[in-house]
Amino acid sequence: MSNTDQTINQSTITEDVVRPTHVEVNLSRLRDNFNAIRNHVDPAKIMPILKANAYGHGMVRIAQLMEELGADYIGVAVLEEGILLRQSGIQMPILVTGGILGNQVPHFIEYDLTITASSIVKLEQIEEAALAMGKQAKVHLKIDTGMERIGVHYYSAESLLEKAASCKHMQVEGVFSHFARSEETDLSYTRLQLERFLETLSYYDKRGIEPPPLKHIANSGAILQMPETYLDMVRPGIMLYGVYPAEETQRTIEVKPALSWKSRVVYFKVIKPDHPVGYGSNWQSDHPIRAVTIPVGYGDGYFRSMSNKAKVLIRGNTYPVVGTISMDQIVANIEDGSAYNNDEVLLIGEIEGKNIRCEDLSEWAGTIPYEILTNINTRVPRIYISE
Ligand SMILES: *Cc1c(COP(=O)(O)O)cnc(C)c1O
């Protein structure tokens, strides 16, 4: 499922009929994380990154919270995410950080979304559309300092900055770049990228031109590890949700996970020896076991690659998921433990000092925490709580 589908199909199910498998988002945790970041980066502004359904937390609700908390800007990746936020009543500035196509430009202008301009051709397309609509477009220029995705190369950025300064139908409000390796222990490449970015920005000084007010480059890794990258504004993504970008990243700001993924036992049985569990019959016990079935699967974003690796928490006990993960169901081996229909199951979360973190799931699945969070899809209702 694409990010766009995720953000547009927000579940509207109410709490009393909620699917037993659901995500619980703790808004107090998000507020604490936001305030911890704000205190640490002050006086830099903050642009929380809410792309991909706010890393699975539910984009619209999180945007409302960020507006309440006084965030300065919101960052999303694609046009449709920005439009959905506007249609949901979000009024704060929104930057769409991804690449654009010429035919999208009028929609950006119509919905007052800030456009990422990464080449002279794009600037011309924006200028033309804004002129035709009789409006001013809002633009941030994107400089590629070492990722080779979008953006004008740092070594040929001058012509873009010059062109932008001559455009009359746009307000060039920002210049930004993005780090490739800021979560690592070795920060030499990140330092090099910062140097390239600052060198690019020195154009304004050299020409005696007032630079755009928002120069920004810091993602979570840089916020945690390199204060000299804060400039005018920082762009926290994963750390806002209480997850560190990597195990090796220094934890200079304390943040706590806001998301729990919960389900319930829907079936209990005893499995005899030599009776395999699931598709492919690739797991069986040599002795009788008790087992429970839980209504979650790879169709929800509980990755099939975690088969025979994942664990769940039931009644404060950790139990292994056995057999191949199906689209809609998993089976946990509780051996001689006890569990009953309707018992709560934690897929991600903490109870009685025990926890399963999204980092654990990413390890079992052979991926990174980002991919776990952004793949919990719209079939899973989001419930919001405050402590
Ligand atoms: C995703 C993204 C971020 C946030 O990255 P984290 O590592 O989650 O903090 C910041 N800036 C841009 C342009 C992004 O695409």
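Residues numbered from 1 in each chain as written. Predicted model: local features only at pLDDT ≥ 70, side-chain atom pairs only at ≥ 80, totals over all residues. Heavy atoms only, no water.

Draft legend 1. Local environment of the site of the ligand. Neighbouring residues of the ligand: Ile-49, Lys-51, Tyr-55, Thr-97, His-178, Asn-219, Ser-220, Arg-235, Pro-236, Gly-237, Ile-238 and Tyr-370. One of the side-chain N or O atoms of Arg-235 is found 2.8 Å from a nitrogen atom in the ligand. Partitioned by chemical class, the residues of the shell around the ligand number five nonpolar, five polar and two charged. (Near = heavy atom within 4 Å. Polar contact = N/O pair within 3.5 Å; in protein donor to acceptor, adjacent residues only side chain to side chain. Nonpolar A, V, L, I, M, F, W, Y, C, P; charged D, E, K, R; others polar.)

Draft legend 2. Up close: the domain arrangement of the protein chain. We note that the domain assignment places domain 1 (43-241) and domain 2 (259-385) within the protein chain. Taking only C-alpha atoms, the centre of domain 1 and the centre of domain 2 are 39 Å apart. Each partner contributes to the interface: domain 1 provides nine residues, whereas domain 2 provides seven residues. With both chains or domains summed, domain 1 and domain 2 bury close to 820 Å², and 68% of this area falls on carbon and sulfur atoms. (Domains from an automatic or database assignment. Contact = heavy atoms within 4.5 Å. Buried area = accessible area lost by both parts, 1.4 Å probe.)

Draft legend 3. Main features of the side chain of Asp-343. With respect to the element layout, Asp-343 can be found in the loop between strand S16 (330-335) and strand S17 (344-351). The exposure class assigned to Asp-343 is buried, which follows from its relative accessible area of 11%. Here Arg-315 takes part through its side chain, which lies 2.5 Å from a polar atom of the side chain of Asp-343. Aside from chain neighbours lying at most four places away, what touches Asp-343 is Ser-263, Arg-264, Val-265, Ile-314 and Arg-315. (Helix = DSSP H or I, 4+ residues; strand = E, 2+ residues; numbered from the N terminus. Buried < 20%, exposed > 50% of the residue type's maximum accessible area, 1.4 Å probe, protein only.)

Draft legend 4. Local environment of empty space enclosed by the protein. Here the structure, examined in full by the defined rule, presents one cavity of 30 Å³ or more. Roughly 40 Å³ of volume is contained in the largest cavity. Residue lining of the largest cavity: Lys-142, Ile-143, Asp-144, Thr-145, Met-147, Glu-148, Arg-149, Ile-150, Ser-177 and His-178, and that is the complete set. Here the residues of the lining of the largest cavity are counted per class, giving three nonpolar, three polar and four charged. (1 Å grid on protein atoms, 1.4 Å probe; cavity = no way out; pocket = protein on both sides within 12 Å on 5 of 7 lines; lining within 4 Å. Points joined across faces, edges and corners; volume = space filled by probe spheres on them.)

Draft legend 5. Focus on the nonpolar core. Ranked by size, the top nonpolar core spans 117 residues in total, and within it Leu-50, Leu-141, Trp-261, Tyr-302 and Val-312 carry the most contacts. Among the elements that take part in this core, helix H4 (residues 59-69) stands out by supplying seven residues, more than any other. The residues that make up this core include at least three from each of domain 1 (43-241) and domain 2 (259-385). In contact with Leu-50, other than residues within four places in its own chain, are Met-59, Ile-62, Ala-63, Ile-74, Gly-75, Val-76, Leu-240 and Tyr-241. Membership of the second largest hydrophobic core comes to six residues, among which are Val-277, Ile-289, Ala-291 and Val-331. (Core = buried A, V, L, I, M, F, W, Y, C linked by side-chain atoms within 4.5 Å.)

Draft legend 6. Expanded view of helix H7 (residues 120-133). With 14 residues, H7 ought to run about 20 Å at 1.5 Å a step, and its terminal C-alpha atoms sit 20 Å apart, in line with that. Against helix H6 (105-110), strand S5 (114-117), strand S6 (137-144), helix H8 (158-166) and strand S8 (170-176) lie the buried residues of H7. Of the residues trailing H7, Gly-134 is marked for its positive phi of about 65°. (Expected span 1.5 Å × (residues − 1).)

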